[in-house]
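Observations on the three-dimensional arrangement
Now for the letters of each chain:
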Amino acid sequence: HASSTASRTAPLHSATADTSSGTSQSSSPSTSSSRASPLDSFDVHAGERLPWYEGGYSTWKWNGRKGREGQQQPHDINYLELGDPSKPSLLLIHGFGASAYHFRHNIPELARDYHVYAFDLLGFGLSDKPLEDYSAEVWRDQALDFIDEVIGKPTVVAGNSLGGFTSLYATAHSGADGREDLIRGCVLLNAAGRFRDPAAPDSTAEPNAVVERIKEWVQRAVIQASFLYTKQPARIEQVLRQVYPVSDANVDAELVESIRVPSLDPNAAEVFYRVIAKNGSGPSVYVDDLLARLEDKPLLLAWGESDPWIRPQAADRIQALYPQSRRVSIDAGHCPHDEDPMAVNKAIRDFANEVHGL
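Let me begin by describing the structure that accompanies this report.

Conventions we followed
- Residues numbered from 1 in each chain as written.
- Predicted model: local features only at pLDDT ≥ 70, side-chain atom pairs only at ≥ 80, totals over all residues.
- Heavy atoms only, no water.
- Helix = DSSP H or I, 4+ residues; strand = E, 2+ residues; numbered from the N terminus.
- Buried < 20%, exposed > 50% of the residue type's maximum accessible area, 1.4 Å probe, protein only.
- Areas by Shrake-Rupley, 256 points an atom, 1.4 Å probe, with all protein chains shown as cover.
- Arc of directions from axis to C-beta.
- Contact = heavy atoms within 4.5 Å.
- Salt bridge = Lys/Arg side-chain N within 4 Å of Asp/Glu carboxyl O.

1. A closer look at the overall build of the protein chain
- Scanning the protein chain from N- to C-terminus turns up 11 helices and 11 strands.
- Looking at the protein chain residue by residue over its 358 residues, the buried ones come to 51%.
- In the structure as shown, the protein chain presents an accessible area of about 15300 Å², 51% of it carried by carbon and sulfur atoms.

2. A few points about helix 6 (residues 253-260)
- The set of residues buried in helix 6 consists of Leu255, Val256 and Ser258. The arc enclosing the buried residues of helix 6, seen along the axis, measures out at 160 degrees, which places them on a common side.

3. A word on helix 9 (residues 312-321)
- Of the positions making up helix 9, those classed as buried are Pro312, Ala314, Ala315 and Ile318. When helix 9 is viewed along its axis, its buried side chains cluster within an angular range of 150 degrees and face the same direction. Opposite the packed face of helix 9, turned more than 90 degrees from it, sit the exposed residues Gln313 and Ala320.
- Here the buried face of helix 9 lies against strand 9 (183-189), helix 8 (287-292), strand 10 (299-304) and strand 11 (326-330).

4. Here we look at the pattern of salt bridges
- In this structure the tally under the stated criterion is 21 salt bridges.
- We note a salt bridge from Arg326 to Glu354, for which the minimum N-O separation is 2.6 Å. Taken as a pair, Arg326 in strand 11 and Glu354 in helix 11 (residues 341-355) lie far apart in primary sequence, 28 residues in all.
- As a salt-bridge pair, Asp350 and Lys346 come within 2.7 Å of each other at their nearest N and O atoms. One end of the pair, Asp350, and the other, Lys346, are both in helix 11, 4 residues apart, so they sit about a helical turn from each other.
- Looking at Asp350, the relative accessible area reads 38%, which means it is partly exposed.
- A single salt-bridge network, built from bridges that share partners, covers Arg49, Arg104, Asp252, Glu254 and Asp338.

The analysis is restricted to geometry; functional conclusions fall outside its scope.
Below is the structure:
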């Protein structure tokens, strides 16, 4: 991986906390807002959730991974920041099909003590949805470039599901490309990822090109048909309630809308197919290998123990492979940060305070 040369542009919406009043102010001299932001007067001490804004918050121009074929223009990445810039930083990374807004109950509270960032992964949320190969390396590099170019200081990363794997992947490779290692610790919220199976034989057979092409065509048709079904509001709500098994009180209209609106993008169905086709059986990199690269970096598992998709046994396996990791069990499902935000916020704050020496 080589660093991109992304630049920050005038954000649509960006805010940081004023420590004297608890309300947010314009983020930095290098950015300016061309219109009123819903976060301009947001009070992190008011106990309110982050407001959903269909127009996005701020835009980061990401040039992407160098050497990526066919990229002529930077990608627009939707992101937000909240909190006092003089405080330690925290980056939150959402899961498959979600966006930065999924941390609506976490960002305001954590921003009282931290300079909090969250972005929409490329292909998701309000970020660009280019038609390209969506490998796990794309999101890893997005996270590393964002930390280097936008945050620019030591950071704790926390991610849910696909975002959890992205956080782990970025943590394992931070500093590997010659840039400063700015990731100080990692929090996994029911992270996705595959483990090595010692009993599985290596496959050396060459795939039949014709068969593979037919399989791809059928797979594309099936996945895109399912996308048309799953983007319906009633279906989105149904799926969310399945993965919030303990309490679905936070499954509300704004959350559904934050998932539905990005699905209206003309490229959304094809991107959905490409992400599923490339990562459907899990990222190609094994969790085992990433843990082996952490070199004793602090790792916290804040795990929803009633997750119907990624069972607690995955956290058990991580603990066995990385004994120095810590685990906080959350009475929740696949999205513990939104189902039980109070418990997850406490776990993240306690961990980050220790990592940053506060």
